Amino acid sequence: MNIVNILEEIEKVDGEIYERLNPRRAAMKDFFNIGKKISLAALPLAMGSMFQKAYGQTTPSTVTDVLNFALALEYLEYHYYNHALVAAPTLVPTGLPTAAITTIRNHEMAHVNLLKGALGTSARAEITYAMTDFTAGGTFPLVYNDYVTFLKVALGFEDTGVRAYKGQATALKGNAVLTTALQIHSVEARHASHIRQMLAANGATGLKPWISLGAGGIANDTGVGAVDAVYVRENNDVQAGITITGIATGVTKAAAVESFDETLSKIEVVAIANLFLRTGFKL
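What counts and what doesn't
- Residues numbered from 1 in each chain as written.
- Predicted model: local features only at pLDDT ≥ 70, side-chain atom pairs only at ≥ 80, totals over all residues.
- Heavy atoms only, no water.
- Phe/Tyr/Trp six-rings, centres within 6.5 Å; stacked < 30°, edge-to-face > 60°.
- Helix = DSSP H or I, 4+ residues; strand = E, 2+ residues; numbered from the N terminus.
- Buried < 20%, exposed > 50% of the residue type's maximum accessible area, 1.4 Å probe, protein only.
- pLDDT = per-residue confidence, 0-100.
- Contact = heavy atoms within 4.5 Å.
- Lys, Arg positive; Asp, Glu negative; His and termini not counted.
- Salt bridge = Lys/Arg side-chain N within 4 Å of Asp/Glu carboxyl O.
- Polar contact = N/O pair within 3.5 Å; in protein donor to acceptor, adjacent residues only side chain to side chain.
- Core = buried A, V, L, I, M, F, W, Y, C linked by side-chain atoms within 4.5 Å.
- Axes fitted to C-alpha atoms, helices over the stretch in contact; angles between N-to-C directions.
- Parallel < 35°, antiparallel > 145°, perpendicular 65-115°, else oblique.
- Left-handed = near helix turned anticlockwise from the far one by under 90°.
- Nonpolar A, V, L, I, M, F, W, Y, C, P; charged D, E, K, R; others polar.

Draft legend 1. Representation of the packing of aromatic side chains in the model. This structure, assessed with the given rule, holds 13 aromatic pairs. Ring plane angle 55 degrees and centroid distance 5.1 Å describe the contact between Tyr80 and Phe157, whose orientation is recorded as tilted. Of this pair, Tyr80 sits in helix 5 (residues 61–86) while Phe157 is found in helix 7 (residues 147–168), placing the two residues 77 residues apart along the sequence. Both residues of the pair, Tyr80 and Phe157, belong to the buried class. Ring geometry for Phe134 against Phe276: centres 6.3 Å apart, planes inclined by 35 degrees, an arrangement best described as tilted. Remark: Phe276 occurs in the segment after helix 10 (266–274) and Phe134 occurs in the loop between helix 6 (96–119) and helix 7; sequence separation between them is 142 residues. Of the two residues, Phe134 and Phe276, neither departs from the other in class, the shared state being buried.

Draft legend 2. Focus on the confidence of the model for the protein. On average, the protein scores 84 in pLDDT, and the residues at 70 or more come to 79%. The low-confidence segment residues 34–47 (pLDDT under 50) makes 8 contacts with residues lying over four places distant or belonging to another chain.

Draft legend 3. Expanded view of the side chain of Asp133. With respect to the secondary-structure elements, Asp133 resides in the loop between helix 6 and helix 7. Arg278 provides the closest opposite charge to the buried, unpaired Asp133, separated from it by 5.1 Å. At a separation of 2.6 Å, a polar atom in the side chain of Asp133 contacts the side chain of Thr135.

Draft legend 4. Expanded view of the nonpolar core. Judged by nonpolar contacts, the single largest core of 62 residues is most densely connected at Tyr80, Tyr144, Phe150 and Ile195. Among the elements of the structure, helix 5, helix 6, helix 7, helix 8 (177–201) and helix 10 are those that each provide at least two residues to this core. Each residue touching Tyr80, except ones within four places of it in the same chain, is listed here: Phe134, Val143, Tyr144, Thr149, Phe150, Val153, Ala154 and Phe157.

Draft legend 5. Representation of the packing of helix 5 against helix 6 within the structure. Here helix 5 crosses helix 6 at 150 degrees, and the two axes come no closer than 8 Å. Here helix 5 is positioned roughly antiparallel relative to helix 6, judged by the angle of their axes. Between helix 5 and helix 6 lies a crossing of left-handed hand. The class makeup of the residues in the contact of helix 5 with helix 6 is 14 nonpolar, 6 polar and 5 charged.

Draft legend 6. Local environment of the pattern of salt bridges. The full count for this structure, using the stated rule, is 6 salt bridges. Here Asp221 makes a salt bridge to Arg196, at a shortest N to O gap of 2.9 Å. Of this pair, Asp221 sits in the loop between helix 8 and strand 1 (238–239) while Arg196 is found in helix 8, placing the two residues 25 residues apart along the sequence. For the residue pair Asp221 and Arg196, the accessibility class agrees, reading buried in each case. Its salt-bridge partner being Arg233, residue Glu268 comes within 2.8 Å of it at the nearest N-O pair. Of this pair, Glu268 sits in helix 10 while Arg233 sits in the loop between helix 8 and strand 1, and the two are 35 residues apart along the sequence.

Draft legend 7. Spatial organisation of unusual backbone geometry. In this structure, Arg233 takes a positive phi of about 75 degrees despite not being glycine. Look at Arg233 and you get partly exposed, because its relative accessible area is 34%. Look at Ala240: it is not a glycine, yet its phi comes out positive at around 55 degrees. In this structure, Ala240 sits in the loop between strand 1 and strand 2 (242–243).

Structure, rendered in structure tokens:
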């Protein structure tokens, strides 16, 4: 375990990690620069203790459940990208595409480390690549052979993540980890937007950098019917009881649905995640 690397990865998604651990940022960094002198056997215990103090001294069981739920999703995303880079090295074109997927993979690993640290001994068991099935039972048989298919499934993961974090925000209200969850949420949204632009660069049509109205007014704008569950209710144009379509000149239904994101419930997200987990390892 390289404690410095872990903290550097966590800092990418939580810029206040050092302040959470100790308000004297410079002193905290100096301490970790000599982390190699700490007994390796004692390091995991020390890390767990520090993260528990940083993120939730008395974490309610509901919050723990939400964080473990998020951790499961982050494991899935990490393994999805990591396998493409490690086991299918010719799948992603070299240059900017590989750099982008590598960056996203590293972000997902940082999210995993952050959530594990916040949960401490309450963290769920690790989800390994062997537990996954990214073909979704044969629905996407070319996921690691066809680059566009890979990107379309990636988009489904990222849009699911965005809506999942938003859907659980109320359960984290009043707890310090809400800020961190929202920071991860915004990064997942950037991932989704970038994947959409990568798809457009590879011939996908009808996609904007954000979720829009699908063909014929359906909620799914990707053209991939197998991921309809990811986009349920994304064609909703009523907010707070007010119909947004036509609320002002030029506000079409497409513009209305683009202006507001919808949430996914935990039950809905679990159903989506389970498509990519083998029997015996489903959430």
